[in-house]
Amino acid sequence: MEHTPYTVSEVMTQTVVAVGQEAPFKEIVETMEQWKVSALPVLVGEGRVIGVVSEADLLPKEEFRESEPSRMAQLRRLDDVRKAGALTAGELMSTPALTVHAGDTLAQAARTMAHKSVKRLPVVDGEGMLQGVVSRSDLLKVFLRSDEDLAAEVRTEVVGPLFGDAARDLEVRVAEGVVSLHGTVRDTALLPVVARLVRAVEGVVDVTFEVTGARAAPAGNAGAGAAPADAAPRPSPAAASPGDGHERRAGPG
């Protein structure tokens, strides 16, 4: 199968708003408000990413405005207490920054976002230079693929290679991203493999089967004929993915 997975470079936003490490607190808030983003890469030099400053990094200043945290709270939340007194992006940012590379797959980026509970990731090259930003909503763009496009890929990348000439006995239908296979298969034991490969096609929401099939007669029973046709099992539903918004670019602050 020749199809290669979609990569971050195919869906990322290349125009990114960012700030320099000396950007003051108020400028950071104004930039977030202007560009409607909840986090900003922090850059040095010609655009190397050294951290990310988010709304969560800014909130302690407001949280601790009315009263000093208790001694116990200070011990439990040393980082937040420090950020409450911070004045610049360099003092506020989380570092090192969580990043991805343009050549990473969407699955790799999605795993990083899920495991680290972040909504967007800076995209960097081998030297750590900013190339773009990928967000949850960017990762969901694969689900905008047309049903016709998905059906064509399932036929050429899954059904054809697995079933060869017998693929003509299977009809591939796609509606709202859900793939359904209809017809006859020679061996229903292949269906779990088919389900896994179809779900690996990016943009597929789920896969169902409306097929019948017959396995070859066991050795020693030649002439007894094929086993009766049996209905194929329906694979379990696929998991869903989270999403988020877009960003745009300005130079370092």
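A. Just the overall build of the protein chain, in detail. Within the protein chain, the regular secondary structure consists of 9 helices and 10 strands. Taking all 253 residues of the protein chain together, the buried fraction comes to 41%. Pairs at least 24 residues apart make up 63% of the contacts formed inside the protein chain by residues separated by at least 6 positions. As displayed, the protein chain has an accessible area near 14100 Å², and 52% of this comes from carbon and sulfur atoms.

B. Here's a closer look at the sheet that holds strand E1 (residues 19-20). Read across the open sheet, the 3 strands follow the order E1-E2-E3; overall the sheet is mixed. Strands with a single pairing partner mark the edges of an open sheet, and in this sheet they are E1 and strand E3 (48-54). Note that strand E2 (residues 39-44) and E3 share 6 bridges and pair antiparallel. Bridged to Val-42 within E3 is Gly-51. Here helix H1 (residues 25-35) sits on the sheet and contacts E1, E2 and E3; the angle it forms with E2, its principal contact strand, is near 125°.

C. Molecular detail of helix H8 (residues 147-163). For H8, the principal kink sits at Arg-155 and spans about 35°. Within the span of H8, buried status applies to Leu-150, Ala-151, Glu-153, Val-154, Glu-157, Val-158, Val-159 and Phe-163. Contacts made by the buried residues of H8 are with strand E7 (170-175), strand E8 (178-185) and helix H9 (191-199). Residue Gly-164 follows H8 closely and has a positive phi angle near 60°.

D. Local environment of the pairing of strand E5 (residues 120-124). Of all the 5 residues making up E5, 5 are buried; the element is thus mostly covered by neighbouring parts of the structure. In E5, alternate side chains face the same way, and those of Arg-120, Pro-122 and Val-124 on one face and Leu-121 and Val-123 on the other are all buried. Pairing geometry for strand E4 (residues 100-101) and E5, over 2 bridges, is parallel. Bridged to Val-100 within E5 is Val-123. Both E5 and strand E6 (residues 130-135) contribute to a ladder of 5 bridges, which runs antiparallel. Paired with Val-123 across the strands is Gly-132, a residue of E6. Two successive antiparallel strands, E5 and E6, enclose a turn made up of 5 residues, where Gly-128 displays a positive phi of approximately 80°.

E. View of the sheet that holds E5. Spatially, E4-E5-E6 is the arrangement adopted by the 3 strands of the open sheet, whose pairing is mixed. Strand pairing shows two members of the sheet lacking a second neighbour, E4 and E6, which therefore form its edges. Of the strands in this sheet, E4, E5 and E6 are in contact with helix H6 (residues 106-116), which crosses E5 at around 135°.

F. Molecular detail of H1. Regarding H1, the residues found buried are Phe-25, Ile-28, Thr-31 and Met-32. Buried residues of H1 fall within an arc of 130° about the axis and therefore sit on the same side. Facing away from the buried surface of H1 by more than 90 degrees, the exposed residues are Lys-26, Glu-33 and Gln-34. Looking at the buried residues of H1, the elements they touch are E1, E2, E3, helix H2 (55-63) and helix H5 (89-92). Trailing H1 by a residue or two, Lys-36 shows a phi angle of about 55°, which is positive.

G. Just the pattern of salt bridges, in detail. Under the criterion given, the structure shown has 7 salt bridges. Between Glu-33 and Lys-36 there is a salt bridge, and its shortest N-O distance comes to 2.8 Å. Assigned by exposure class, Glu-33 and Lys-36 land together as exposed. A salt bridge links Glu-153 to Arg-145; its shortest N-O distance comes to 2.7 Å. On the basis of relative accessibility, which here comes to 8%, the residue Glu-153 falls in the buried class. Judged by relative accessible area, which is 12%, Arg-145 ranks as buried. Sharing partners across several salt bridges, the network here consists of Arg-145, Asp-149 and Glu-153.

H. View of the packing of aromatic side chains. Under the definition given, this model contains 0 aromatic pairs. Over the ring of Phe-25 we find Lys-61; its NZ or CZ atom is 5.2 Å from the centre of that ring.

Cut-offs applied
What you see as residue numbers is a count from 1 along each chain, following the sequence as written. This being a predicted model, a pLDDT of at least 70 is required before a residue's local features are given, and a value of 80 or more before pairs of side-chain atoms are given or counted; all residues contribute to the totals for chains, interfaces and linings. With hydrogens and water stripped out, all remaining heavy atoms of the structure feed into the side-chain values. Helix and strand definitions here come from DSSP, where helices need a minimum of 4 consecutive H or I residues and strands a minimum of 2 consecutive E residues; each element is numbered from the N-terminal end. Relative accessibility under 20% of the residue-type maximum defines a buried residue, over 50% an exposed one, and the middle range a partly exposed one, all with a 1.4 Å probe and only protein chains included. Should any heavy atoms of two residues lie within 4.5 Å, those residues are considered in contact. Exposure was quantified through the Shrake-Rupley algorithm and a 1.4 Å probe, taking into account, for residues, occlusion by the shown protein chains and nothing else. DSSP calls a pair of strands paired once it identifies at least 2 bridges connecting them. An axis is simply a line fitted to the C-alpha atoms; with a helix, the fit covers only the stretch in contact. Between two such axes, the angle follows the N-to-C directions and lies from 0 to 180 degrees. Note that the bend at a residue is defined as the angle between axes fitted to the seven residues ending at it and the seven residues starting at it. Note that the arc is defined by the directions from the helix axis to the C-beta atoms. Basic side-chain nitrogens of Lys or Arg form a salt bridge, by our definition, when they fall within 4 Å of a carboxyl oxygen of Asp or Glu. Aromatic contacts are taken between Phe, Tyr and Trp rings whose centres are within 6.5 Å, Trp giving its six-membered ring; a plane angle under 30 degrees counts as stacked, one over 60 as edge-to-face, and the others as tilted. Only lysine NZ and arginine CZ atoms are considered, and such an atom sits over a ring when it is within 6 Å of the ring centre and within 35 degrees of the ring normal.

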